Each structure stands twice: as structure tokens, then as C-alpha cells.
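If you want the building blocks of each chain, they are given just below.
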Amino acid sequence: MQALVKNIIPVTGMHCASCVAKIEKTLSQLAGVNEVTVNLALNQAVIEYDPKLLSQNEIYTSIEGLGYGVRRGPLSSGDEAAEETLQLRQARKKLLVAWGFTTPLMILMLFHMFFGLEFPGYGLLELLLGLPVIFWAGADTHKRTWAGVKHLAATMDTLISLGTLASYATGLAAFVYPIESYAGVGAMIMAFHLVGKYLETVTMGKASQAIKKLIRLEVKKARLLVDGEEREIPLQQLRVGDVMLIKPGEKIPADGEVIDGESGVDESLATGESMPVAKKKGDQVIGTTINQQGALKVKATKVGQDTFLAQVIKLVQECQGTKVPIQQFVDRVIGYFVPAVLLLALLTLILWLSFPEFFINLITKASYSIPWIKPDLSVVSLGILSMVAVLVIACPCALGLATPTALMMGSGLGAANGILIRRGEAIQAMKGITTMVFDKTGTLTRGQPTVTDVITAEGFDEGRVLQLAASLEAFSEHPLAQSVIKRARDKGLKLIPAEKFEALTGLGVKAQLAGKAAVAGSQKLMQQLDIPLVALEHRIGELEGEAKTIVIVAVDKQLAGVIAISDTIKDNAEAAIAEIKKLGIEPVMLTGDNWRTARAMAQKLGIERVLAEVLPDQKLAEIKRLQAEGEQVAMVG
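Structural notes on the packing of aromatic side chains
Here the structure, examined in full by the defined rule, presents four aromatic pairs. Seen in terms of ring centroids, tryptophan 352 and phenylalanine 359 are 5.1 Å apart; in terms of plane orientation they differ by 25°. Their pairing is stacked. Grouping residues by exposure puts tryptophan 352 and phenylalanine 359 together as buried. Centroid distance phenylalanine 358 to phenylalanine 359: 5.2 Å. Interplanar angle 80°. Geometry classified as edge-to-face. Relative accessible area serves as the criterion here: at 19%, phenylalanine 359 is assigned to the buried category.

Take a look at the structure:
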């Protein structure tokens, strides 16, 4: 079976939800299309199709046949930024021109409306001041309307065009027929419409900033080793199999495998883990992460669109291009909305001309409280004014733009903060969350623990306890282990080579050190190994009550000492928990730490519910258990 292909196609010329509905309907009818989503805020179509039944050129032709444009070649980030700047500048220029001519018109209209002041040549002045507003500043609106008419499609622009042109036409007709001139009203309508368009342009520019930030994370150049010599090349020229040299402090250009060297790599961008991850020969590294200590030689395994960062950007773009269920409903409604409004506006004019006495009686009563209603105008003037009001007031551009823009902002800001959302439906589903489960280390805490206390048992000193613990933890990448190793190195202690090393998931580690059986880990591990803790039990309780994590060290089944480690709470954690509780969501702490330490930290944060001593492979089961109890759960960490 032929695999489906998913393409993101930049579309130009869309300006309302009706444009979205029209393109989606046309593309979904093409042979081989499995799914299509058009996003107004992003100006793009995401289409999944069978390439055996449909070509990309056929998709482009279908979109262009509707009167819209397709950007066939990718833009660089610089070109894209220049294009957005140009669009914003043009929108601002049209806005200023529109209001430059409309403002004096509005002042004259107010004097005419409220004080009955008649200015010589007022009708001609309305036409002259309204001309550049409606036909120059609003030219794009009329062009889009005409493109829709040619394809028998009505959009929001259709409503604005008909409303403004009908209003302006009354100004011309007033010279030969006794009708009220609404040319000034037409200019006002277009000016307000252009305010909305300018704000849309600004909002969409801001909403795409998160994607641009991700793109800027890419390394621009790579340093290769070719025949023992260093050579710097643009990243675009990097190929799978090339050997890169990454010096301390540099970003890794692309995903790859370490073939020489040892170092710690800051992978917080990809994993959120604040502690550097040790890398040695044979380990995989992620592009855009930062090499911290030693030099590394890395063979590129993924380049271009296959790298981790490129996949993250694609994931965010696809999420921003999806539609939440409420937006799908809105788009279906708007697909019928514009034609219905056009019919309603026409019906309004017909009813006014057919039953003028009925409507005049209605507005006569209303005119006592609304001074700009003038029952003494001609029936045709009142009918046209009512028709224009229906066309203009019924234009819900925000209805079609608000949801996709909110989705862009949410998913984009999430990506910038390390939160990846695969589908837009997830954002809407979040409104039903009742419980939010937080992992402790690195989520609620900084993930940079430090050794605060070393308590020794009889026959051992601080140096010996640290040496044993650090030797056992030398193979572990856990932040707690790294803090013990750091303290031992700071004191100049020499590590003992470990043999028969074994990591006991969620409990600790054990190994042979200089022929002796040594272990380091939790109280539960010591209980399983029947190692008595009576001598230091009181001190262990005190340290746990201070929200410190305890690592117990023993050798040949004899208690050697206790190391207390403290991981400070993040500055904004307490405020974040308070905000979550205000939303009516219950925060829960999930940790593999012991009950006493977990409870002490939870109390500081204002968390009442704690799931402690949970092994890593049991965390998912705990989440499912909460869901089985009827809670809508979100996991953070």
C-alpha cells in the first residue's frame, strides 16, 4: 500500500473563514486526498494525500484556480521576515490614508447629523474624500470580492465590498435622484474594516514568533574533519556520514553518533533535563544541544529535515495547522453564513420597498432615543441604509480568525517553553482537566541538587562515605548521583573502580568496590537487603522532614553513613501551583522519593496530594489509575 504524504502548502490571498471553507471543500474533493486542513492565521493548507493518485502540481493548480496564490518555493527566515515586514508596512499605510480622509468626513457628518448644519458642496466633498478610501485603500478588498464572484463564491470581503460600494453609489445617485447620500458612511465602513485587517496582520505576525525562535536555534555552519584537517561549511552542505568536530561551548550542528571523545552535553532544549548528560563513544547526540566540556567527534546520522529540531518545528507547524472541534463547527457555519447574509440584505431592501409604512412606524418610535434615524427620508434611502447595515454588521471576521490565532499562540508559546502539542484537539480537551500531576525533580525543583549533609556511622568518616557513594554512582546520570560525584571531586577524593555494577530501578545501585559489596540507595533498598538503620534512624527522619532526599551508603551489609541532598524549589513553582488551584484544578506531586521528603516539599508548595515512592515504570500506571477514578488528568514533567 502506498504511504500517504503530508504537505504544508503556503497559500496567499485568504482573508476570512469563507476562503478557508472554499479551499477545503475543493481540495477534499480531489482524488487521493485523505485529509485537508486550511489555517487562516498561518495562511497555509496542510494536506494528506496519496501521491500515486494526486501530484503536488495538481494541488497547486486547484488552489490557484479558486483565485488564491501558492508560494511554490520555500522562503528563508530572512526573506519571510522581510515579507511580513512589508505586509505590515502596507497595512499601516492603507490604514493611515483611510483615516486621513475619513476623519474630516466624520467631523462633518457629526455636525450635519446632530446640529443640522449644511455645508456648501457637502455631497461632492463626501464623494471626493471617500474616493481614495474606498477605491485605493480598499482596492484589495474589492479585488478579492471580484475573484470570488468569478468562482461563484461569496466571502466576508463580499459583504464589505457591497456595503461600501452601495453606500458610495448613493452619493452619485443623489445628484440625479432625491436620495440621501451615504458616501461618507461607506468610507467609514472601509476605514474600520482596514483597522481590523491591520490588527489581524499584527496578531498573525506575533503568533508566528515561536516558530521563528525555533528556526533561529539552528546552527548555521558545521566544522568537518576531512583527512585530518578542519573545514567549515554551511549547514545545508552537511551530509549523512560526515564527521563533525564540536569544541567545548559549541552547539552540535546535527543529530549524530559520538565516534571519539567524552563530554557532558546540555540537552535541556530537547529533554528539559537541566543536568548535562555524559556522552562517550557510541552515544547519540541531538542537533542544537550544547557541548560543555571536552571536544567531540560526531558522525552525522540525520541532517536537514530529518533532524530532531526540524521534526519539532514540523510538529508545531502541523499542530498550528490543525483545527480544534469548535473551529470546525464555526467553519461549517460560516460556509453558509455569507450567502445567507446576502439573501437577508436583499430581502431587507425588498421588504422596505414593499411595506414602507410598517417599517417607518417602527423607526418613528425608535427615533426618539436614536437621533440619527430620520423617518422623513425617502423610502429608497431608508431601504438602502438598512440593507448596508445588514451587510456590514453581519461580518464576523473575528469568528473565523480568533480560534486559529489562539491555537497558534498557544502551541507556539508552548513549544518555546518545551511543551510540544501534537494535535489542536489536545488544547480544547485541556478545558476539562480536573487534576494536574507534576513530576518533582526538574519540574517543581531546579533539577540541580547539591549535597547538604554527610552523616557518618561508627567506624566511618565523611571522606570514606563520599568515596563509596561516588564510586557507586559513577555510572549513573541521575542528578542526585551527579551531585554526590561533584562533592567527592571537590574534596579531591579518588574513585574506586566498580565491578559487577547493577542499577536497581527506583531503589539505588550496587557493585563490588575493592572486593567489598557496596550499596547506595533508599531506605526501601536497605530493608530489602536487611541492613539495619537504627544507629542513624533519628537523623534520617530529621533530614527528610527538611525536604531533603536521603542516599544511604552501606558496605558488606554494614551501615556506613547517610548523604542528604537538597534540590531547591523553582522560583515560580509556588505561584504556578497557586494559579492552578485558582482554576479549580487539583495539583498532585508524583515522585520516586520517600513519603516524608515528598510530603515536606509538597507542604511548602501548597500541594495536598502526594504520590511518593513510585518507581519510574509505575508512573504511567498511577496516571491511568487516576483516570480510572474519573479524573481528567494532565501530566507535567
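Observations concerning the sheet that holds strand β22 (residues 609-611)
Strand order across the open sheet formed by four strands is β22-β21-β14-β23, with parallel pairing between neighbours. Bordering the open sheet on either side are β22 and β23 (633-636), each of which pairs with just one other strand. Taken pair by pair, the neighbouring strands of this sheet meet at an average axis angle of 25°, ignoring direction.

Some points on the sheet that holds strand β16 (residues 498-504)
Strand pairing in a sheet takes place through backbone hydrogen bonds and is either antiparallel or parallel in direction. Ordered by their spatial adjacency, six strands build an open sheet running β15-β20-β19-β18-β17-β16, and the pairing between neighbours is antiparallel. The sheet is open, and its two edges are formed by β15 (450-456) and β16, each paired on a single side. On average, each strand axis in the sheet is tilted by 15° relative to the strand beside it, whichever way the strands run. Of the strand pairs in this sheet, β15 and strand β20 (residues 558-566) are connected by six bridges, and their pairing is antiparallel. Bridged to threonine 450 within β20 is serine 566. This element, helix α17 (residues 462-473), spans β15, β16, β17 (508-513), β18 (516-521), β19 (549-555) and β20 of the sheet and lies at about 105° to β17. Across the sheet, helix α20 (residues 537-545) lies against β15, β19 and β20, angled at about 155° from β19, the strand it touches most.

Re the pattern of salt bridges
The final tally for this structure, using the stated rule, is 17 salt bridges. Here glutamate 546 and lysine 548 are joined by a salt bridge, their closest N and O atoms 3.1 Å apart. A relative accessible area of 42% places glutamate 546 in the partly exposed class. Here the salt bridges do not stand alone but share partners, grouping Glu586, Arg609, Glu622, Arg625 and Glu629 into one network.

So, a nonpolar patch on the surface
On the surface, a nonpolar cluster with roughly 570 Å² of combined accessible area is contributed by Leu344, Leu347, Leu351, Phe355, Phe358 and Leu362. With three residues, the single largest contributor to the nonpolar patch is helix α11 (residues 325-354). By secondary structure assignment, the location of leucine 362 is in helix α12 (residues 356-366). Take leucine 362: its relative accessible area is 45%, and that puts it in the partly exposed class.

Some details on helix α4 (residues 122-137)
Each α-helix winds once per 3.6 residues, and so residues spaced three or four apart point in a common direction. Over its 16 residues, α4 runs 22 Å from end to end, which matches the ideal 22 Å to within 8%, given 1.5 Å per residue. Where α4 bends most, at glycine 130, the angle is about 40°, and the proline proline 132 comes one to four residues later. Turning to α4, its buried residues are Tyr122, Glu126, Leu127, Leu129, Gly130, Pro132, Val133, Ile134 and Ala137.

Quick word on the nonpolar core
Core analysis: the largest hydrophobic core is formed by 27 residues, its most contacted members being Ala98, Leu159, Leu194 and Met387. Among the secondary structure elements, those contributing two or more residues to this core are α3 (77-115), α4, α6 (156-173), α7 (183-207), α11 and α13 (379-393). If you tally residues by element for this core, the top one is α7, at six residues. Discounting residues that sit within four places of it in the chain, methionine 387 has contacts with Ala166, Ala345, Thr348 and Leu349.

Describing helix α2 (residues 56-65)
Residues Ile59, Tyr60, Ser62 and Ile63 constitute the buried set of α2. One side of α2 carries all its buried residues, which in axial view fall inside an arc of 160°. Glycine 67 occupies a position one or two residues after α2 and carries a positive phi of about 100°.

With respect to the environment of alanine 169
Mapped onto the fold, alanine 169 is located in helix α6. In this structure alanine 169 comes out as partly exposed when scored by relative accessible area, which is 37%. Residues alanine 169 and serine 181, twelve residues apart in the sequence, show an inter-C-alpha distance of 8.2 Å.

Brief notes about the environment of glutamate 250
In this structure, glutamate 250 sits in the loop between β7 (243-246) and β8 (255-260). For glutamate 250, a relative accessible area of 24% gives the class partly exposed. The spatial distance from the C-alpha of glutamate 250 to the C-alpha of threonine 289 is 8.6 Å, given a sequence separation of 39 residues. Not counting residues up to four positions away in its chain, the partners in contact with glutamate 250 are Arg223, Leu245, Thr289, Ile290 and Asn291.

Describing unusual backbone geometry
Phi at lysine 500 takes a positive value of approximately 55°, unusual for a residue other than glycine. The topology assignment puts lysine 500 in strand β16.

Re the side chain of histidine 142
Within the secondary structure, histidine 142 sits in helix α5 (residues 139-150). Contact partners of histidine 142, with chain neighbours within four places excluded, come to Ile134, Ser161, Thr164, Leu165 and Met190.

With respect to the packing of α20 against helix α22 (residues 595-605)
Two measures define how a pair of helices packs: the angle their axes make with one another and the distance between the axes. Interaxial distance between α20 and α22 falls to 7 Å at its minimum, and their mutual angle equals 30°. Considering their axes alone, α20 and α22 lie roughly parallel with respect to each other. Residues Ile540, Gly541, Glu544 and Gly545 of α20 touch α22, and the partners they reach there are Arg596, Thr597 and Ala600. Across the contact of α20 with α22, the residue classes tally to two nonpolar, three polar and two charged.

What counts and how
Residues numbered from 1 in each chain as written. Predicted model: local features only at pLDDT ≥ 70, side-chain atom pairs only at ≥ 80, totals over all residues. Heavy atoms only, no water. Phe/Tyr/Trp six-rings, centres within 6.5 Å; stacked < 30°, edge-to-face > 60°. Buried < 20%, exposed > 50% of the residue type's maximum accessible area, 1.4 Å probe, protein only. Pairing = 2+ DSSP bridges. Helix = DSSP H or I, 4+ residues; strand = E, 2+ residues; numbered from the N terminus. Axes fitted to C-alpha atoms, helices over the stretch in contact; angles between N-to-C directions. Contact = heavy atoms within 4.5 Å. Salt bridge = Lys/Arg side-chain N within 4 Å of Asp/Glu carboxyl O. Patch = residues over 30% accessible without salt bridge, like charges linked within 9 Å, V, L, I, M, F, W, Y side chains within 5 Å. Areas by Shrake-Rupley, 256 points an atom, 1.4 Å probe, with all protein chains shown as cover. Expected span 1.5 Å × (residues − 1). Bend = angle between axes of the 7 residues up to and from the residue. Core = buried A, V, L, I, M, F, W, Y, C linked by side-chain atoms within 4.5 Å. Arc of directions from axis to C-beta. Parallel < 35°, antiparallel > 145°, perpendicular 65-115°, else oblique. Nonpolar A, V, L, I, M, F, W, Y, C, P; charged D, E, K, R; others polar.

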